[in-house]
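Examining the three-dimensional arrangement
Here is how the chains run, residue by residue.
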Amino acid sequence: MSTLEEYLIELRMIQARRRPQGISPTVTYPAGEITIPGHISHWADVAPDCAALVFEGRRYSYADLDDAHRRLAGWMAARGVGRGDRVAVYLGNSAEFVIAFLAILRLGAVHVPVNPMFAAAELTHELRDSEPALVITSTELRRTFDKVLGRLESAPGVLDVDTAWDDALAHAPYRADDGDLDGLAALNYTGGTTGLPKGCRHSQRHMLYTAASTATATGCSTGPAFTSLCFLPIFWIAGEGLGILLPFVLGGTSVILARWNAEAVLDAVETHRVSVLVGTVENYLELMARNDIGGRDLSSLTDPQAVSFVRKLTPAVRGEWARLTNSTGVLRECAFGMTETHTFDAVPYGFAAGDEDLLAEPVFTGLPVPGTDIAVVGFGTDTPLPLGEVGEIIVRSPAVTDGYWRNPEATAEQLVDGWLHTGDSGRFDEQGFLHYLGRRKEMIKVKGMSVFPAEIEMLLAQHPSVRSVAVVPVDDPDSGQRPVAFVMALEDADLTEDDLVEWSRNNMAVYKVPLVRIVTSLPMTATGKVRKQELVADAAPGSTGSPAR
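Residues numbered from 1 in each chain as written. Predicted model: local features only at pLDDT ≥ 70, side-chain atom pairs only at ≥ 80, totals over all residues. Heavy atoms only, no water.

So, on to the nonpolar core. Membership of the largest hydrophobic core comes to 91 residues, with the highest contact counts inside it found for Ile36, Leu65, Leu72, Met76, Leu229 and Phe248. Counting residues per element, this core draws most heavily on helix H4 (residues 95-106), at 10 residues. When sequence neighbours within four positions are dropped, the list of residues in contact with Ile36 reads Phe101, Leu102, Leu105, Gln204, Met207, Leu208, Leu245 and Val249. Core analysis: the second largest hydrophobic core is formed by 20 residues, Tyr7, Phe336, Val377 and Leu385 among them. (Core = buried A, V, L, I, M, F, W, Y, C linked by side-chain atoms within 4.5 Å. Buried < 20%, exposed > 50% of the residue type's maximum accessible area, 1.4 Å probe, protein only. Helix = DSSP H or I, 4+ residues; strand = E, 2+ residues; numbered from the N terminus. Contact = heavy atoms within 4.5 Å.)

Set out below in structure tokens:
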């Protein structure tokens, strides 16, 4: 058995043969390895009038954005905020969020993005855990914030952007850059699927590498040719990458929307010549259902990316997008990643010819981005497994978290010798492509055979009448466990549970054939993922459904 380093040498050689033509194996940093606010100042010197940020009709050039975030940093410094202090940004998508992010990093303080959809108990936990010196919020969200003040150890300062923003930006600009590439710069809280959310410690180097490696792996242009459109929540680390880090590191333009709106998205793509867009498959389907889609100018859209949370990207969806639009890019899946790795660890970019990516055994995630190592090992070990064998996905990169904030036990469990043990199941195929199979805890054992929910979901998504699907386990006295598929059918589809069971028998191994429940909706999280824990109760014995015999 080879050592982990020997395994990686061989794996990298295999992967190099399939790396898309023109994609560098090493990361390129367009403005050098400088802080994120330093990038704003750099581009303000190089191209001061270039659009940096557009939000609700307001355009900030790089010169404008450099001045605005320096002034906010000056205001914050005058109130005692400095290196290492946590600053909670409790806002929705907005220009104020972006300016606050940059100001915090310029001071060497710690950005704590807070979900604006939080209710009191959730907000209490995150503020208690991070202990911010300052909370930046809005009048509307302050109503919830005020409810939790009495539950905190000490009351932080507050900046209400609706009433005090102009005064803050009237302050003299902060001239220094106290940010440290390797110092603590952000606490990005995980979703808390295994307990209360944990704060992932991230540095500005993590942020910079995420943007630069993703751009390198996907052949992104620098300067004004790169324009991203982001309606994903930017408190979310994926939204931060798309709406803040990528455009600012590349010297491009970030167009941010407060929320998803199909007409606003099309208008923005046309008006600002957007090149990169990320949305759920449902978002693209809504765009394609519009009567005016064929008359819209989407020719600038060179990289439309999809996220398959519920509806899955299929060759049919990709083909329909190409038929209905004049987008110059092929609709593809976005990336494999997680909060702990600052997202974007592997991308399927460059493998859409002949639908290779979508027809591969689910779930195809492509190749690691340059500078990132991914291995598949035996669970609880660092022993690499041969290509084709299923094990735990572990990740090593310049963006892996330094650990969990004030949680050494969780840090020791998941970070071992520089490798993040993800808890995800996966395998490498013979060409070195990574296939993600889901969380280990979600794996279903049917008569000793391993069944992965993500695989069944992707297979069922190929049925022409299936709109979306989520798979969970149920205990079974004969087989140990069985998969249960909760399926939403397309409108007007004449689809029964028995139909899907029969289709499954004809399209997958017998031990994978699920019980089927046809439902009208699926429980969702605020970020568009299925709440599978709620489905587990509905899948329990005694509920109705068609057995897969």
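The next thing to look at is the pattern of salt bridges. By the definition in use, this model includes 25 salt bridges. Asp297 serves as the salt-bridge partner of Arg273, at 3.1 Å between the closest nitrogen and oxygen. Of this pair, Arg273 sits in the loop between helix H10 (262-272) and strand S11 (276-280) while Asp297 is found in the loop between helix H11 (281-288) and strand S12 (303-307), placing the two residues 24 residues apart along the sequence. Asp297 sits in the partly exposed class, given a relative accessible area of 31%. As a salt-bridge pair, Lys312 and Glu457 come within 3.7 Å of each other at their nearest N and O atoms. Of the two residues, Lys312 is situated in the loop between S12 and helix H12 (315-324) and Glu457 in helix H15 (residues 453-460); the sequence distance between them amounts to 145 residues. The exposure class assigned to Glu457 is buried, which follows from its relative accessible area of 7%. (Salt bridge = Lys/Arg side-chain N within 4 Å of Asp/Glu carboxyl O.)

A separate point is empty space enclosed by the protein. Taken as a whole, this structure holds two cavities of 30 Å³ or more when the rule is applied. When its volume is computed, the largest cavity comes out at roughly 90 Å³. Mapped onto the lining of the largest cavity, the elements with two or more residues apiece are helix H8 (204-218), helix H9 (237-250), S11 and S12. In the lining of the largest cavity, the residues fall into nine nonpolar, three polar and two charged. (1 Å grid on protein atoms, 1.4 Å probe; cavity = no way out; pocket = protein on both sides within 12 Å on 5 of 7 lines; lining within 4 Å. Points joined across faces, edges and corners; volume = space filled by probe spheres on them. Nonpolar A, V, L, I, M, F, W, Y, C, P; charged D, E, K, R; others polar.)

Everything listed is a geometric property; what it means functionally is a separate question.
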